[in-house]
Amino acid sequence: MKIILPGQTIGIIGGGQLGRMLAMSAKEMGYKIAILDPSKDACARHFADTFIHADFDNRNGLERLCHISDVVTFEFENIDSDLLAELEKDYHIVQSASLLKTAQHRLLEKEFARSLGIETVDYQYVDEDTTGVQVDGTYLMKTVRFGYDGKGQSRITEASQVQPYTLLERLVPLDKEISVVAYKDRTGIGIVAVVENEHRNNILYRSIVPTTASPEQEAQAIDYTRRILEAADYYGVLTVEFFISQGRVIFNEMAPRVHNSGHITMQSANKSQFRAHIEAICGLEVGPIHNQATTLYNILGQDLSYFLKLIQERPVHLHLYEKEPRQDRKIGHINFPGHIRLEEPFIG
């Protein structure tokens, strides 16, 4: 690992809220920031020393970002992994284009997990020919690429509903969902936090630390996450989502980057996922991370006024991303000390 010290430049592909919070942590440490994003209004732009307005598959733009940066990171998966693999040969990119490519494709991702002895849901891949596909229960049908927040997926019960180039995942009874936010630095693998997540309409709604999973279930999820990081030529923060079903810990998906469920660590942990990621990709030692009881709520566009009123009534940590409020758009999050549950419904 090359050591990148404060004063040098970190390049970030993506200028959304994750890129924004990475940039904020890096600037606090004294790094310079270069950001590439196709939107001139990218919310991370305010923290960039250099902003490159270009699409994520724009080779010239990406090469310019790499050329002016001492290390390059990315904030989300929907970038060209083949182009990133080419850039890896000449520039310092440590998150691994190979693992990114696996995470971008649901079939490759499931096969990768199973190759490491990690339990997944039962699934079947459907190519262009949908004839003869057997549907003997309830399945989630997911596009194999470019799905997030429930996009590109639907529940099916009949073979006539099957579409080509999809992955059919058998629906399992769900006890709870947890995420393991972990990191690999130059000294080894560590855990940032184990987080319990609650989704509404396929969007992360509420998270808590610590989880209500058993110690054995958490240990199994951590072991599975370690297997992934041990198998990958990867440095930085990586998050793995798991279902707990009838007591079993089942792999759902991985994100080779900082993650929405890790936003809770901005208050729960002695070191946030963003600080841990910056240190890991810069060749520094992250060190042990400890957490205390915390609750996170995502703030969607329609709920902004509710949360702005709430902060006047109780001690909280409000994080807004300077994004235009829209229905179901994540525009911020709020962290509360301890485990709390807000009154519902939100009135925005």
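None of the values given here were measured: they were computed from a predicted structure.

Examining the overall build of the protein
Helix and strand counts for the protein come out as nine helices and 16 strands. For 348 residues, the compact-globule estimate of 2.2 N^0.38 gives 20 Å, and the C-alpha radius of gyration of the protein, at 20 Å, lies within 12% of that figure. Expressed along its principal axes, the backbone C-alpha trace of the protein runs to roughly 60 × 50 × 40 Å. Among the 348 residues that make up the protein, the fraction classed as buried is 55%. When contacts within the protein are restricted to residue pairs at least 6 apart in sequence, those whose partners lie at least 24 apart make up 62%. Total accessible area computed for the protein in this model is approximately 15200 Å², and 45% of it derives from carbon and sulfur atoms. For the protein, the centre of its 36 positive side-chain charges and the centre of its 47 negative side-chain charges are spaced 4 Å apart.

Remarks on the pairing of strand E9 (residues 176-185)
Two faces make up the sheet, and in a regular strand the side chains alternate between them. Of all 10 residues in E9, 10 are buried, a share of seventy percent or more. Here E9 shows no split at all, with Lys176, Ile178, Val180, Ala182 and Lys184 on one side and Glu177, Ser179, Val181, Tyr183 and Asp185 on the other all buried. Taken together, the nine bridges between E9 and strand E12 (residues 236-245) define a ladder with antiparallel strand orientation. Residue pairing across strands places Ile178 opposite Phe242, the latter belonging to E12.

Quick word on the sheet that holds strand E2 (residues 32-37)
With parallel pairing, the four strands of this open sheet are ordered in space as E3-E2-E1-E4. A single partner strand is all that each edge strand has here, and the edge strands are strand E3 (50-53) and strand E4 (71-74). Here the strands of the sheet are splayed against their neighbours by 20° on average, with no regard to which way each runs. Bridging between strand E1 (residues 9-13) and E4 involves four bridges; their strand directions are parallel. Each bridged residue has a counterpart across the sheet, and for Gly11 the counterpart in E4 is Val72.

Quick notes on the domain arrangement of the protein
In terms of domains, the protein is made up of domain 1 (9-93), domain 2 (122-170) and domain 3 (176-337). Taking the mean C-alpha position of each, domain 1 and domain 3 sit 22 Å from one another. Opposite the 20 residues of domain 1 that make contact, domain 3 presents 23 residues. Summing the contributions of domain 1 and of domain 3, the shared interface buries around 1800 Å²; its carbon and sulfur component is 67%.

Some details on a nonpolar patch on the surface
Together, Leu308, Ile311 and Leu320 give the surface a local cluster of nonpolar side chains, amounting to about 200 Å² of exposed area. Looking at the element boundaries, Leu308 is found in helix H9 (residues 304-310).

With respect to the packing of helix H1 (residues 17-29) against helix H8 (residues 273-281)
The N-to-C vectors of H1 and H8 enclose an angle of 65°; their axes lie 9 Å apart at closest approach. One element, H1, and the other, H8, form an angle in the roughly perpendicular class. The chirality of how H1 crosses H8 is right-handed. Residues Leu18, Met21, Leu22, Ser25, Ala26, Glu28 and Met29 of H1 form the contact with H8, whose own contacting residues are Phe274, Arg275, His277, Ile278 and Glu279. Looking at the contact of H1 with H8 residue by residue, the classes come out as seven nonpolar, two polar and three charged.

Overview of the nonpolar core
Core analysis: the largest hydrophobic core is formed by 38 residues, its most contacted members being Ile10, Tyr31, Ile278 and Cys282. Those elements that place two or more of their residues in this core are E1, H1, E2, E9, strand E10 (188-200) and H8. Broken down by element, this core gets its largest block of residues, six residues, from H1. Viewed by domain, this core spans two of them, domain 1 (9-93) and domain 3 (176-337), each represented by three or more residues. Ignoring any residue separated from it by four or fewer positions in sequence, one finds Cys282 in contact with Lys2, Ile3, Ile4, Ile10, Tyr31 and Val71. Within the second largest apolar cluster, 24 residues are counted, among which are Ala221, Tyr234, Val240 and Ile244.

Focus: the pattern of salt bridges
Tallied over the full model, the rule gives 18 salt bridges. Across the salt bridge formed by Arg59 and Glu86, the nearest N and O atoms sit 2.8 Å from each other. With Arg59 in helix H2 (residues 59-68) and Glu86 in helix H3 (residues 81-88), this pair connects stretches of sequence that are 27 residues apart. Two residues, Arg341 and Glu198, come together in a salt bridge whose shortest N-O distance is 3.1 Å. Placement of Arg341 in the segment after strand E16 (330-337) and of Glu198 in strand E10 is noted, with a sequence separation of 143 residues between them. Note on Arg341: relative accessible area 47%, which makes it partly exposed.

Some points on helix H5 (residues 106-115)
Among all positions in H5, only Arg106, Leu107, Glu109, Lys110, Phe112 and Ala113 are buried. Among the residues trailing H5, Gly117 stands out with phi positive, at a value near 75°.

The rules behind the values
Residues numbered from 1 in each chain as written. Predicted model: local features only at pLDDT ≥ 70, side-chain atom pairs only at ≥ 80, totals over all residues. Heavy atoms only, no water. Helix = DSSP H or I, 4+ residues; strand = E, 2+ residues; numbered from the N terminus. Rg over C-alpha atoms; globule rule 2.2 N^0.38 Å. Buried < 20%, exposed > 50% of the residue type's maximum accessible area, 1.4 Å probe, protein only. Contact = heavy atoms within 4.5 Å. Areas by Shrake-Rupley, 256 points an atom, 1.4 Å probe, with all protein chains shown as cover. Lys, Arg positive; Asp, Glu negative; His and termini not counted. Charge placed at Lys NZ, Arg CZ, Asp CG, Glu CD. Pairing = 2+ DSSP bridges. Axes fitted to C-alpha atoms, helices over the stretch in contact; angles between N-to-C directions. Domains from an automatic or database assignment. Buried area = accessible area lost by both parts, 1.4 Å probe. Patch = residues over 30% accessible without salt bridge, like charges linked within 9 Å, V, L, I, M, F, W, Y side chains within 5 Å. Salt bridge = Lys/Arg side-chain N within 4 Å of Asp/Glu carboxyl O. Parallel < 35°, antiparallel > 145°, perpendicular 65-115°, else oblique. Left-handed = near helix turned anticlockwise from the far one by under 90°. Nonpolar A, V, L, I, M, F, W, Y, C, P; charged D, E, K, R; others polar. Core = buried A, V, L, I, M, F, W, Y, C linked by side-chain atoms within 4.5 Å.

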